[in-house]
Amino acid sequence: MEASSPSDDTARAMLSDFVQLLVLKAFQDNSDLGRTAEPGKMPQVALDVLQNMLSFVLDSLAAGLQEESPAHKVVRHWVDAFSTRVCHAMAPDPLKKFFRHTLVQTLTHSPVLTVSDAVQMQREWSFARTHPLLTSLYRRLFVLLSPEEAVSCLQDVLAEQEVNWQRVLSCVSVLVICFPEAQQLLRDWVAQLLAAAFESFHLDSMVTAFLIVRQAALEGPAVFPSYVEWFKASFGSASGYHSCSKKSVVFLFKFLSDLVPWEAPRYLQVHILHPPLVPSKYRCLLGDYVSLARTRLADLKVSPENMGLYEDVSLAGDAEEPRSQAAQDVEKAISMFEHTGKIPVPVLEASIFRRSYYVSHFLPALLMPRVLPEVPDARAAFIESLRRADKIPPAVYAAYCQACAAAGEEKPECADPGTGTEPCCGEEALEPLRAALGQLRALMANPMQYDALSAQMGAVAEKLDAVLGRRKDEVCSEETIQLSSLAPDVSWQYQVVDLLLTAFCQDLTAACSFVPPERQGPWATLFVRTLCARALLPAVLARLCQLLRHQGPSLSASHVLGLAALAVHLGEARATLPEVDPGPATATRSLPVPEFLDGLLSCHAGESALFCLKFCTAAIAYSWCRFSPQPHRALRSCLSPGLIKKFQFAVLRLVSKAREPHPVESKASPPWRPFCLPSTDWRSAALALWRQSSFRELLEEPELQLTYRDWLQLEVEISPGADPLSDTERHDFQQWAIHEHFLPAPLASGGCGGDLEVASTVLIDVLMDFYQSPRSCDHTESPTWPHGGHKGNVDLFCRLQEMAADLNLSCPVSQGHFVFRVFHRRLKALAGGRAAATSLWRQQEVLMCKRLLLRLPASVLFWREEAEESAAPSCEEFFHLVNSELRNFCTHRGALSLTHDITVHFFRGLLNTCSRSLDPSQTANLTLAQCQTRCPLLVTSALSWWSSLESVLCGRWQKSGQVTLPQELQRLREAQQFAHSFLSPDSTSPAPSPAWVSAAALYFAVQRVRKDDVRRVLKQLDYEKEELLGPFFFFSLLGLLSSHLTPSATADSLTAMEVCAGVLVCLERRKLPWLGLFQLTKADARLGHLLRMAPDQHTRLLPFAFYRLLPHFAEAASVRDEGFLHVAVDMYLRLVQLFVGGETTSVSPLTDRSLQLQGQPWPQGSPVELLREARLFLLQLIPQCPGQCFSGMAELLAGRADCDPEVTSALLHRQQAVTDEDLYQEPHLF
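Residues numbered from 1 in each chain as written. Predicted model: local features only at pLDDT ≥ 70, side-chain atom pairs only at ≥ 80, totals over all residues. Heavy atoms only, no water.

1. A short note on the overall build of the chain
No. 1: Scanning the chain from N- to C-terminus turns up 55 helices and 2 strands.
No. 2: If you take every contact in the chain between residues at least 6 apart in sequence, the share linking residues at least 24 apart comes to 76%.
No. 3: Here the chain displays about 53800 Å² of accessible surface, and carbon together with sulfur accounts for 54% of that area. (Helix = DSSP H or I, 4+ residues; strand = E, 2+ residues; numbered from the N terminus. Contact = heavy atoms within 4.5 Å. Areas by Shrake-Rupley, 256 points an atom, 1.4 Å probe, with all protein chains shown as cover.)

If you want it as structure tokens, here you go:
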């Protein structure tokens, strides 16, 4: 800031008063003048004086002013006369007329420059190169003139008068720099000019449009599209302005050709490399222009191909050397590849359409020999991607590898993988940028200078260009920015980003110390646009990721405020920003920037929760004050709904007073001043914001309401060990939130409508989703939870248990328990799909259902009809869950047993239900009788775990006052006793009924005997009654499949095979049917209920078990049965389908090929060997089968004939032969 002396102040005040008087005389209506005035003479005199003074100023600026010259001081004082003090001291109408008149005179004074001069010289008239006093004059004029009025004035002047092109174009630069809303106005104006030009072939409109576009583009893509993009959009498609007729095409190329002698080389290169799209019959016009442009470039000794891939021609002066530009293109391409993981589109286009530049300049710059790092860096990865895409000739790549190897041998000590390709951003390079930022901060301390902030932002942008180079002045053009929110990689731009973020926080703190955000002007918006327009955006987001996720609790109040404001302005520009891919930490692959920043805020620990409260409070309050005319709209557009919901969650959790009923305050906007204090009480500030009536009205909008589900999703992430609340405080808070806040709230406002079942259902959904999500990947709670699962807020399970206990007393019994309805709904949503991912997700869902059941009271499994007190309690829903889902997770005891925990849980619930029954024994008997017919897997599970279950059952039963066990429990005990006695050599006890229960008990007992005793047990089994052998064989088949499905279980597979083979021998010896076991249906009256125990995978793999037993029935009498061929063919075709579907890959082959059973070789290798043996067996069997075996063969082969054409052909051929024999056989007449 320049110090002013008392004499200067006096002179400035006198001049200001004099100007006010002249303006009043010259621009006030005659009716307002005094009676003694001379209306016809005095206004003209005043107007002449003002015009002469302005002419002196403009002539002095055109002649060039020395900084300390008297003329400079006079001009400066004159510009100061347009200050805000003058504006406030006068009526708006005459002042606006004066400002408009001054603007018109400035634009039309001394119109000595021609259009050709403007084309040649306009890059010297950018905002940064225009005299500061002239830009200051424009800015002060635009204080009263809105952007619409300023653009309208420009249109009128250009349409009616001769203009000074230097001042017109510098005025355009000031408009786009200082007024963001003027950018769209200029775009619309240019579109109107082009439409008018091609409609009436008006050359002046065409000239004006091109000059305005080029001038606006000079200020960088932050404020206006680059010239390349504009030219391609306007003329590079079939819908271009020139596409309506041949006359339009001729007009365009005539205009471009007339510009060639004065064009800068870069504009000619744009027209050559991105030519207008014209029909093929007019290609000659394009060819003529390209030839002319190439000739001009040859005269200027510039190659048409030397234009860089990322070069902004709007900012270019003279053409750079191709090598220098190629090096910049390489660095930009590597930077883009590093953030996206993909080859940038400009590189791919250049490899095809600009082959000369790509091969001659880009690849040599990229493949500079160097010492290769041990861990491939971004350059190495980029080169490898190009090589795999065939974008590097093999010979060139081989030469590069050889040169790098030679470089490593010559100077290994100079290798520095970390800095091989990174540009240097030392202190000297950053010093001009730091000085410009310091000047910006100085302006913040003087509210009277706020009109100069936009101009200073232009200077900051220019210094940033100098630090980063022109290659950084492109908008980040990638559709998605790839970052890792867990461990972001901040590149060499770290120093620049850190300097800019620090400056932004300091500037905002300084500005807020004097005026609130709504009176600070557009500087913050321009600052953020500067960050986003350069390719710094990925580095900015990576640095924000570090600060918000990893360093948030250690940030000071000023940093929190600054970063929160930065987040608001990034949200303001969300429409122009690419989405962000945060990496594997989230399920969503790409997010808008506001949602990405919201995801960096966490409430799972004490310090992070407090930081989240600070950041959300600052962001909401800043946005509310900054856009005070429309705060609701600003909050919705600038901040994500998730951030506003996190504020509600944090303030309710951390500020207990926020839970208390309190009348809301009626202030128009939240308090702002406390946020600027060094020792900000954030809880008080958050509470003050929470109690604002206007803010509470905003929270009533559906998308911003913190619903019960939202609250649970945030609450479940908080680990008790890191919770800032004590155990008692946490319990009280959760009770308040559920029962006082969300439970009575209406469903429309995100509550539960007073329905406790709704509250419990949502809680179950949230718990199950959380423990299966990537968010739960930090810690483990217990071995029963998923591997790597975060324990989360386990107190919510206590709340669920409390609600389930309440509902268990009041739940409508005709509907069953709500828990199973939740399970059914979730599993139904995952039904239909055999893909591996869907199957695994469903398995995880089922395991979560089981684990949640174990957390709930066991009485949840049972419910009783009130009208039938003596009837058995219903377990249909639990039976359905077991039969449809849990049976597929039976890996214990040959796939015939549920896990111990769920088995004990069921019987615990049964005993609890019996204790509340009038007849406990009858209740137990009826329930277990239902199990035998509707859920036999529970019976086999009880037998499997009987050794540990019996003592618990007997103890609980006796403590309830009962003497003897119920009959059905006694039967389970007798079946277990029979199985144990059967293993003794002198056993004579008969098998109790039902036979399949005794068979299951015996099967479990056989599994526990030594291998040497298996043959003796099987021999003894031959003397048992027939009803026992069928179920035992079925259980053995399941055990055989389980042993093959378990990796490294060769010994178990051999034992299981021996058991199956022994039982099969018994069945064959006693001529009992066993083929039906491979084609069981649930409708089978005798053994159909056994299918409810078999997992789906085991049922599908029964063909595998059938042919695994092939050596043991290949010579058996059953092979000659009429129905054997049908079963064998059906099993073979299903085995082929399993093999083609890939399901046999889960079967472990036997590895010990030296072992044999009964001296017969049998297939012990892979499923391929088994399939080959089965096929050979069928081809040998088909010719030997009698004719009656082939009846119904067409139905059997329907839809499966293509599984094995040779087997199908053999079957059909044999069937046809049998038919022919029947036709030629003589009939027996007598």
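2. Quick word on the packing of helix 38 (residues 836–855) against helix 40 (residues 900–915)
No. 1: Axis separation between helix 38 and helix 40 bottoms out at 10 Å; the angle between their running directions is 45°. Put simply, helix 38 runs oblique to helix 40. For helix 38 against helix 40, the interelement crossing comes out left-handed. For the pair helix 38 and helix 40, contact is made by Lys850, Leu853 and Leu854 and by Asp901, Ile902 and His905, respectively. (Axes fitted to C-alpha atoms, helices over the stretch in contact; angles between N-to-C directions. Parallel < 35°, antiparallel > 145°, perpendicular 65-115°, else oblique. Left-handed = near helix turned anticlockwise from the far one by under 90°.)

3. Details of the packing of aromatic side chains
No. 1: Enumeration according to the criterion identifies 47 aromatic pairs in this entry.
No. 2: Positioned above the aromatic ring of tyrosine 267 is the side chain of arginine 214, whose terminal nitrogen or guanidinium carbon lies 4.0 Å from the ring centre. (Phe/Tyr/Trp six-rings, centres within 6.5 Å; stacked < 30°, edge-to-face > 60°. Lys NZ or Arg CZ within 6 Å of the ring centre and 35° of its normal.)

4. Considerations on the pattern of salt bridges
No. 1: One pass over the full model with this rule turns up 37 salt bridges.
No. 2: The residue glutamate 149 makes a salt bridge to lysine 96 at a minimum N-O spacing of 3.3 Å. Taken together, the positions of glutamate 149 in helix 8 (residues 147–160) and lysine 96 in helix 5 (residues 92–108) put the pair 53 residues apart, joining distant regions of the chain.
No. 3: On the accessibility criterion, lysine 96 (32% relative accessible area) is partly exposed.
No. 4: Among the ionic pairs, arginine 826 bridges to aspartate 765, the shortest N-O distance being 3.0 Å. (Salt bridge = Lys/Arg side-chain N within 4 Å of Asp/Glu carboxyl O. Buried < 20%, exposed > 50% of the residue type's maximum accessible area, 1.4 Å probe, protein only.)

5. Describing the nonpolar core
No. 1: In this structure, Tyr708, Phe1106, Tyr1107 and Leu1125 are the most contacted members of the largest nonpolar core, which totals 268 residues.
No. 2: In terms of residues, this core owes the most to one element, helix 23 (residues 494–512), which gives 12 residues.
No. 3: Setting aside chain neighbours within four positions, we find tyrosine 1107 in contact with Ala1128, Val1129, Met1131, Tyr1132, Leu1135, Leu1170, Ala1174, Phe1177 and Leu1178.
No. 4: Listed in part, the 98 residues of the second largest apolar core include Ala197, Phe210, Ala216 and Tyr289. (Core = buried A, V, L, I, M, F, W, Y, C linked by side-chain atoms within 4.5 Å.)

6. Section: a nonpolar patch on the surface
No. 1: On the surface, Phe1139, Val1140 and Val1168 cluster together into a nonpolar patch covering about 290 Å² of accessible area.
No. 2: Inspection of the secondary structure puts valine 1140 in helix 52 (residues 1124–1140).
No. 3: Residue classification places valine 1140 among the exposed residues on the basis of a relative accessible area of 67%. (Patch = residues over 30% accessible without salt bridge, like charges linked within 9 Å, V, L, I, M, F, W, Y side chains within 5 Å.)

7. Things to note about the confidence of the model for the chain
No. 1: Across the chain, the average pLDDT comes to 79, with 80% of residues at 70 or higher.
No. 2: pLDDT under 50 marks residues 33–37. Its contacts with residues more than four places away, or in other chains, come to 3 contacts. (pLDDT = per-residue confidence, 0-100.)

8. Regarding the packing of helix 41 (residues 920–934) against helix 42 (residues 936–944)
No. 1: One way to put it is that helix 41 packs onto helix 42 with a least axis distance of 5 Å and a crossing angle of 110°. The angle between helix 41 and helix 42 falls in the class roughly perpendicular. Here Cys931, Gln932 and Arg934 of helix 41 come into contact with helix 42, specifically with Pro936, Leu938 and Val939.

9. Remarks on empty space enclosed by the protein
No. 1: Enumeration over the complete set of coordinates arrives at 9 cavities of 30 Å³ or more.
No. 2: Lining the second largest cavity are 10 residues, with Lys850, Leu886, Phe889, Leu898 and Thr899 positioned closest to its centre.
No. 3: Here the residues of the lining of the second largest cavity are counted per class, giving 6 nonpolar, 3 polar and 1 charged. (1 Å grid on protein atoms, 1.4 Å probe; cavity = no way out; pocket = protein on both sides within 12 Å on 5 of 7 lines; lining within 4 Å. Points joined across faces, edges and corners; volume = space filled by probe spheres on them. Nonpolar A, V, L, I, M, F, W, Y, C, P; charged D, E, K, R; others polar.)

10. So, the environment of glutamine 1215
No. 1: Looking at the element boundaries, glutamine 1215 is found in helix 55 (residues 1205–1224).
No. 2: A sequence separation of 26 residues divides glutamine 1215 from cysteine 1189, and the C-alpha atoms of the two residues are 8.9 Å apart.
No. 3: Apart from the residues within four sequence positions on either side, glutamine 1215 is in contact with Phe1190 and Met1193.

11. Some details on unusual backbone geometry
No. 1: The step from serine 993 to proline 994 runs through a cis peptide bond, and the omega angle for that step is -5°.
No. 2: With respect to the secondary-structure elements, proline 994 resides in the loop between helix 44 (967–982) and helix 45 (995–1008).
No. 3: Positive phi, close to 55°, is recorded for phenylalanine 201, a residue that is not glycine.
No. 4: Within the secondary structure layout, phenylalanine 201 lies in the loop between helix 10 (180–200) and helix 11 (203–218).
No. 5: Residue class for phenylalanine 201 comes out partly exposed when judged on its relative accessible area of 26%.

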